[in-house]
There are 6 protein chains.
Amino acid sequence: MGNKKMNISTFIGCDKSYEEASLVLFGVPFDGTTSFRPGTRFAMQAIRTDSYGLETYSPYLDRDLENIAVFDGGDLDLPFGNTEKVMDIIFEYSRGVLTDGKKFLMVGGEHLVSLSSIKAAYEKYSDLHLIHIDAHTDLREHYLGEKLSHASVIRNCHGFLGDGRIFQFGIRSGLKEEFEWAKEHTYLEKFSLETFAEKMDELANVPVYITIDLDVLDPGIFPGTGTPEPGGISYRDLLDAIGHMQKLNQIVAADVVELSPPYDPSGASTAVACKTVREMLLTLGK
Amino acid sequence: MGNKKMNISTFIGCDKSYEEASLVLFGVPFDGTTSFRPGTRFAMQAIRTDSYGLETYSPYLDRDLENIAVFDGGDLDLPFGNTEKVMDIIFEYSRGVLTDGKKFLMVGGEHLVSLSSIKAAYEKYSDLHLIHIDAHTDLREHYLGEKLSHASVIRNCHGFLGDGRIFQFGIRSGLKEEFEWAKEHTYLEKFSLETFAEKMDELANVPVYITIDLDVLDPGIFPGTGTPEPGGISYRDLLDAIGHMQKLNQIVAADVVELSPPYDPSGASTAVACKTVREMLLTLGK
Amino acid sequence: MGNKKMNISTFIGCDKSYEEASLVLFGVPFDGTTSFRPGTRFAMQAIRTDSYGLETYSPYLDRDLENIAVFDGGDLDLPFGNTEKVMDIIFEYSRGVLTDGKKFLMVGGEHLVSLSSIKAAYEKYSDLHLIHIDAHTDLREHYLGEKLSHASVIRNCHGFLGDGRIFQFGIRSGLKEEFEWAKEHTYLEKFSLETFAEKMDELANVPVYITIDLDVLDPGIFPGTGTPEPGGISYRDLLDAIGHMQKLNQIVAADVVELSPPYDPSGASTAVACKTVREMLLTLGK
Amino acid sequence: MGNKKMNISTFIGCDKSYEEASLVLFGVPFDGTTSFRPGTRFAMQAIRTDSYGLETYSPYLDRDLENIAVFDGGDLDLPFGNTEKVMDIIFEYSRGVLTDGKKFLMVGGEHLVSLSSIKAAYEKYSDLHLIHIDAHTDLREHYLGEKLSHASVIRNCHGFLGDGRIFQFGIRSGLKEEFEWAKEHTYLEKFSLETFAEKMDELANVPVYITIDLDVLDPGIFPGTGTPEPGGISYRDLLDAIGHMQKLNQIVAADVVELSPPYDPSGASTAVACKTVREMLLTLGK
Amino acid sequence: MGNKKMNISTFIGCDKSYEEASLVLFGVPFDGTTSFRPGTRFAMQAIRTDSYGLETYSPYLDRDLENIAVFDGGDLDLPFGNTEKVMDIIFEYSRGVLTDGKKFLMVGGEHLVSLSSIKAAYEKYSDLHLIHIDAHTDLREHYLGEKLSHASVIRNCHGFLGDGRIFQFGIRSGLKEEFEWAKEHTYLEKFSLETFAEKMDELANVPVYITIDLDVLDPGIFPGTGTPEPGGISYRDLLDAIGHMQKLNQIVAADVVELSPPYDPSGASTAVACKTVREMLLTLGK
Amino acid sequence: MGNKKMNISTFIGCDKSYEEASLVLFGVPFDGTTSFRPGTRFAMQAIRTDSYGLETYSPYLDRDLENIAVFDGGDLDLPFGNTEKVMDIIFEYSRGVLTDGKKFLMVGGEHLVSLSSIKAAYEKYSDLHLIHIDAHTDLREHYLGEKLSHASVIRNCHGFLGDGRIFQFGIRSGLKEEFEWAKEHTYLEKFSLETFAEKMDELANVPVYITIDLDVLDPGIFPGTGTPEPGGISYRDLLDAIGHMQKLNQIVAADVVELSPPYDPSGASTAVACKTVREMLLTLGK
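Residues numbered from 1 in each chain as written. Chains lettered and ligands numbered in written order. Predicted model: local features only at pLDDT ≥ 70, side-chain atom pairs only at ≥ 80, totals over all residues. Heavy atoms only, no water.

*Asks:* I would appreciate a short explanation of the packing of aromatic side chains in the present structure.
*Replies:* For any two aromatic rings, the description comes down to two numbers: the centre-to-centre distance and the angle of the planes. Counted according to the given criterion, the structure contains 78 aromatic pairs over all chains. Measuring from centroid to centroid gives 6.4 Å for F36 of chain A and F42 of chain E, while their planes differ by 90°, and the two rings are edge-to-face. Here F36 of chain A, found in the loop between β1 (23-28) and α1 (43-50), pairs with F42 of chain E, found in the loop between β1 (23-27) and α1 (43-50), and the two come from separate chains. Here the two residues F36 of chain A and F42 of chain E agree in accessibility, since each one is buried. Within the aromatic cluster, the residues linked to one another by ring pairs are F26, Y93, F104 and Y209 of chain A. The residue whose ring lies beneath K102 of chain C is Y18 of chain C, and the NZ or CZ to ring-centre distance is 4.8 Å. Here the basic side chain of K190 of chain C rests over the ring of F179 of chain C, its NZ or CZ set 5.9 Å away from the ring centre. (Phe/Tyr/Trp six-rings, centres within 6.5 Å; stacked < 30°, edge-to-face > 60°. Helix = DSSP H or I, 4+ residues; strand = E, 2+ residues; numbered from the N terminus. Buried < 20%, exposed > 50% of the residue type's maximum accessible area, 1.4 Å probe, protein only. Lys NZ or Arg CZ within 6 Å of the ring centre and 35° of its normal.)

*Asks:* Looking at this structure, I do not really get the relation of the copies chain F and chain C. What am I missing?
*Replies:* Mapping between the two copies of the chain is achieved by a rotation about an axis and a shift along the axis. Here chain F sits on chain C after a turn of 180° about the axis and a move of 0.0 Å along it, with an RMSD of 0.0 Å. Read as a symmetry element, the transformation amounts to a two-fold axis. Comparing interface residues between copies, 100% of those in chain F also lie at the interface in chain C; the contact surface is shared. (Least-squares fit on C-alpha atoms with pLDDT ≥ 70 in both. Contact = heavy atoms within 4.5 Å.)

*Asks:* What is the right way to read the sheet that holds strand β10 (residues 251-257) of chain D from this model?
*Replies:* The pairing of strands in a sheet comes from backbone hydrogen bonds and takes either a parallel or an antiparallel form. Residues and elements named next belong to chain D. In spatial order, the strands read β4-β1-β5-β10-β9-β6-β7-β8; together these 8 strands make up an open sheet with parallel pairing. Both outer strands of the open sheet, β4 (70-75) and β8 (187-190), are each paired with one neighbouring strand and no more. Sheet twist, expressed as the mean angle between neighbouring strand axes with direction ignored, is 10°. Bridge count between strand β5 (residues 103-107) and β10: 4 bridges; the pairing is parallel. Directly across from M106, in β10, lies its bridge partner D255. (Pairing = 2+ DSSP bridges. Axes fitted to C-alpha atoms, helices over the stretch in contact; angles between N-to-C directions.)

*Asks:* Help me understand the packing of helix α7 (residues 235-245) of chain E against helix α8 (residues 268-284) of chain E in this model?
*Replies:* The description of two packed helices rests on the angle between their axes and on the distance between the axes. All names here are of chain E. As a packed pair, α7 and α8 sit with axes 10 Å apart at the nearest point and diverge in direction by 10°. Taken together, the axis directions place α7 and α8 in an arrangement best described as roughly parallel. Seen from α7, the contacting residues are Y235, L238, L239, I242 and M245; seen from α8, they are V272, K275, T276, E279, M280 and T283. Here the residues of the contact of α7 with α8 are counted per class, giving 7 nonpolar, 2 polar and 2 charged. (Parallel < 35°, antiparallel > 145°, perpendicular 65-115°, else oblique. Nonpolar A, V, L, I, M, F, W, Y, C, P; charged D, E, K, R; others polar.)

*Asks:* Before we go on, may I ask you to explain helix α7 (residues 235-245) of chain C in this structure?
*Replies:* Because an α-helix completes one turn every 3.6 residues, residues spaced three or four positions apart along the sequence face the same direction. Residues and elements named next belong to chain C. Listing the buried residues of α7 in full gives Y235, L238, L239, A241, I242 and M245. Take α7 and look down its axis: the buried residues cluster within an arc of 160°, on one side only. On its buried face, α7 is in contact with β6 (129-133), α6 (196-202), β9 (208-213), β10 (251-257) and α8 (268-284). (Arc of directions from axis to C-beta.)

*Asks:* Where do I start with the UniProt feature "binding site: Mn(2+)" (unreviewed entry) in chain A in this structure?
*Replies:* Residues and elements named next belong to chain A. Within the UniProt annotation, "binding site: Mn(2+)" (unreviewed entry) is assigned to H111, D134, H136, D138, D213 and D215. These residues run over 105 residues, yet every pair of their C-alpha atoms falls within 12.2 Å of each other. Tracing the backbone shows H136 in the loop between β6 (129-133) and α4 (153-161). Residue class for H136 comes out buried when judged on its relative accessible area of 13%. If we ignore the near neighbours within four places in the chain, the residues touching H136 are I171, S173, D215, T227 and E229. Position of D213 relative to the elements: it lies in strand β9 (residues 208-213). Judged by relative accessible area, D213 falls into the buried class, the value being 2%. (UniProt positions renumbered as here; feature names shortened; annotations may be inferred.)

Here is the structure:
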């Protein structure tokens, strides 16, 4: 008789043990600095459940999740209302995975969570480069007086990465000051990802961390997010970008953030996140 | 470093192994004969997720799930579109649990699923009595020509249980013929559960299976179901009934059916189902 | 082979021709003076569709729709933005039905529609009495300068019915002036229907029109309406009231208004309206 | 006075009798093998209701539904939970229409329903060719042990149509094995419809059945479906494809499947289905 | 010509200036420690907007908001992700209002916000008594390690109020330890408000702060909250309790918390909150 | 201590007084002739609230709302059910603003509201030209007998503007007669805005009124409207058109109509409307 083992619910095809796995998937249910519409805390849970509607095989990359050893580490246990402690827990977990010689794909949560995981990657790879796909600049020094904010996450990363290491694409919202600041300190393509392919060539042989804020997508295809920003890229554009990432030889980790299931009544945004997670796992795990 | 074990997602507090457990919780994601609004297949999944908003302690029964050994067996794997095979799988699973000397709480799915689990209980306990709490008679001989239908599940049970064994409460919808038939063959209280307490006294020392179709509740508190039927009982009425069940000394198994999460946009119906599952686990596990 | 006749859509069990029928059901898709949340125009359509989840037999009244000859006249064709023309069309249709010696049950639409149908009934029955079940007084002289408003419908009716003919129940919202005015001119029970049964005795042998604004129900069971007003009666209270209506020997027509399907995401409010329509048809058709 | 005839509900402009009509529209409310999110059973009903928001005139094709004689046959009456009987009923109805010398447009329901209607068309036209527009390959031999599954519908059709008769477009999800199998047995364009126009030239003078699974569209424009698959075509792409279908001289029948209204909270997906039905009726009826 | 003044948005009838007002209404858009479903940050905004569907006159209390001078102070400006700063801002604002000799009604936000406003009231009234209406005990020492949590707000209040000052009603969820602790330190009525009236007599002449967590209501009438807990009181029960509050002669301030508009798709929960705010303003302002 | 001034609610960055402002923003909460799905009355309110998720700076136009003096006049007070009075009120308000030497951006409401504001602009600028971006022709002489209808608004404008003054773009729905009529009397581009840029050159130096019916957008990005019409333009297309409007030297006023928040469950359509309002304010205010 079956069904005598515990009910294990993972992202589809990610059923390896930590020890077996070369790649770790984990969720960070944190939306504590979200300024508009909270709910990204439920993202990874929804993604796991709805990954059931997905195949493990990607006809885009012609690879199958079943051929990669992925461990689904669940969602981190986080305290509520204490941003600093949350940041520490993410940092420790990310560092642990990297120390054990594995890569990871983190799923947010709000974008601030990337600050800790990128810092952990930087600690191991001092010449880390950051690819940032997003609707928003995220380059504020602080937001309503708080330095730890989703709106300042990339600015905070610049603090340790420095000039010339950050590559931003698809950006269509921010303060005028942020766009000005970017001219000095980062590579920033406004509105689209037209130069993405060529930049991948440049970054082919350096350690790279990729952070994808799904609100880079048009709200037509991705309404389920905290701050929808009309005029974004199509999902095919994002699939193309992921195609170009295959040129990169040293992706050390990545994240996919800002799905907010309460604002996804039809489930389409969650389907987008599921497929992106699959494609990114296949990219990290190639 | 934590989070190195697989992400195990169970109903809150139900984290024992099959071997340790005296009580098995499992889901049956089947809504194949639903005539109006499908979606009960997603019930157990939603209940597991939202059980997080619940405490393990019941101030009603003054008992705690943490003091009972419950195994969450996940959801049964079922083929789509083949009702007979589905019925067989449920029967086999239920029988297996009972054979192993454990009790179970099954979560539907539509009401037809109870036919198999009740049959399995009857096979072990030939003097089985059935407590049926529901808005609908479920006493049709067939529905649009099909004998295996949610609308005929209790009539089918009568086929093996016989007269005098079935106790129906809260019934407020059915064909005139069904109400007439009930007068001859079952005990049926229309609209409410006023005689529930006294019937529990009568049934105190016989083997009992309890099937709760949550649509017995008023759609005010439980809109998330396939066929909402206004004029139902309140949740306090159901809590009272569960209180009276404590008189029963031989509950062998039970089920809770007909939550349909797609029709529960606020989550209130799922919260109702979660709490009912907790109270029924505490009832079965006392 | 079937399905060669046109696709006819009626409320369940209401498939008689106009000529055969003693009772006419029709919808009025009008919400033109709705001050808060529009959408009642879609009510009758939703009620027809969801009546499929209902039985034709009522265990409350022990009667079956299949034993009554009801014609479903569909929804009236109405111009948009011209309240006076709409009122004329309703009046003409209602009068026509009464002239043909039939009764009717009208389904709104907003409450203003009742003004025309009550006027038509009054034209035939000069000693008409009005039973008004509602959360709101509807006794304003005008609303934002408009005399034809859902908020003044009963006041308008008083214009021709006069003192002593209007019986209001369940009222829990209005201007202080309206409550004061009612003391002089109508019978008004605040908050509940406790005196409903006794008033039915008084009205047993006079011509009666019954208008039910479903927002008399608590928003717990009936959220899908333009102006939800917490603290209302339960659906069982309404079923009881319908039970007491059986004492009336001259019900000439009735209406059920203010279901707004866009505010009924779970479908529970529509189920309430369906069941109320069935019970009222059985009441009119006894 | 109007409204004395029965309330007839058809797709806009489709009010001819069966006898008058050269083209039959009918719905198949079946979702019994749906593996992820059920609800397509409600599609045709929602399409009829919301067709009210549509014009009968198409500025794309410069034709008007009012100039074509279309009969709306309503929805087939189907038993619940018995897939084989359902398949027989669809087959009989489709065959009857074709035998009577008429064309049909069937609206699903899940994609499995097409198996019966295509078989009926094949019975009359032994050299039938199949145009298949879809996100999914639908080429599995069986799904969870069941041969009659929405995931195997085209594979089942190949069983009688054979090699060289099936033309698939827009496909972006499936097992690796399915894509491999397609290379031998069907024409399959991945991801888009770029070769659609040229294939229409090839098929201009053979009997053709067209099956459109609306999930070929991007979930941005069509979220209301059982298995949303991001990265699909735009609605303009589909309109273009319909434009190219005008080259075909022997379209014998067609279907439009997989709208699931419960996952269409905004109504946009239903609007898409309505417009597609209008354009396909105009295409079949030219 | 009108509309030349700025667009002022207040709760209905609360349009006095701060100086004129004897009563201040303000919102606290904070949900930073919410453990399950966030969204209460949007409560006051939704309440202001939907108060348009309400009358200013209460037939329960026979008073009118137009006869009371209420200032609507808008929502406090709060930083995101810094719980301590938020608590300080609430404290300062509350203290300011009290220092100016006015009363206030605060609208949450999550329940933690009450800690600051109660502390401000206590600073002015050292013999302050607290009336706590809620589904949850809120008596934890800490929650996941955090002392500042919605789950520990009343326990924190006990820290300065001490034994014998806290009166809890309607409580139906908590840890066993919390219920045990309450026996020693607070007055706690489980499940209902049956002893509410008599306790109001006892508290008639002491300074009282009233905190209403709306989740005390049954999710049937109030689904739109972070943690719905089935089996709660009806809205009429709450209206009765407010009626009994009229016995109190020294209410110094009050709050209404935990409406979460994203989980209120029908708007019924917001209507409940609106009406409760009106009744509480009329209670504070008598 | 802050928050002592009244709670003022404006579109983000539009906080100037009427006297200071050169540009007036106001809402018209009217949907009285809407034939399909009402709800546009709530548009401006939703836009104000959600503008909080927007920046005041546009990276497209490289301008900032903070550098323009805009007064937000709130929503006009309108009677319900009296279309003519509503039209008068809009006309008076619009004329007043123009008479005071200011421009305006009006936000609907349904499209009929534009008739009054365009007439007011025409009264001041007798050589007014009209740019009309829409999915629908809006050229009917009357709709169900009513001349004042959203479906006839542009035809009504032609009544005073005359031939050669109306430029229509993106049109994809209407009667055949309307398209025929347009050939004689207006410039009409079907389906897209490809000729928009060149027409802007032609209109560079004449007085221009711009009316944007947001349903010109594809329902993929803009489902929240009364009559979604699939196959529309993308939001980038609209941003491009706004870019081309910068060539115009005499824009005297503009409007943005037909957002219907009840059909926007994810908030994406409201985000689209917010951004369009910002870009149009920046266009009018340059």
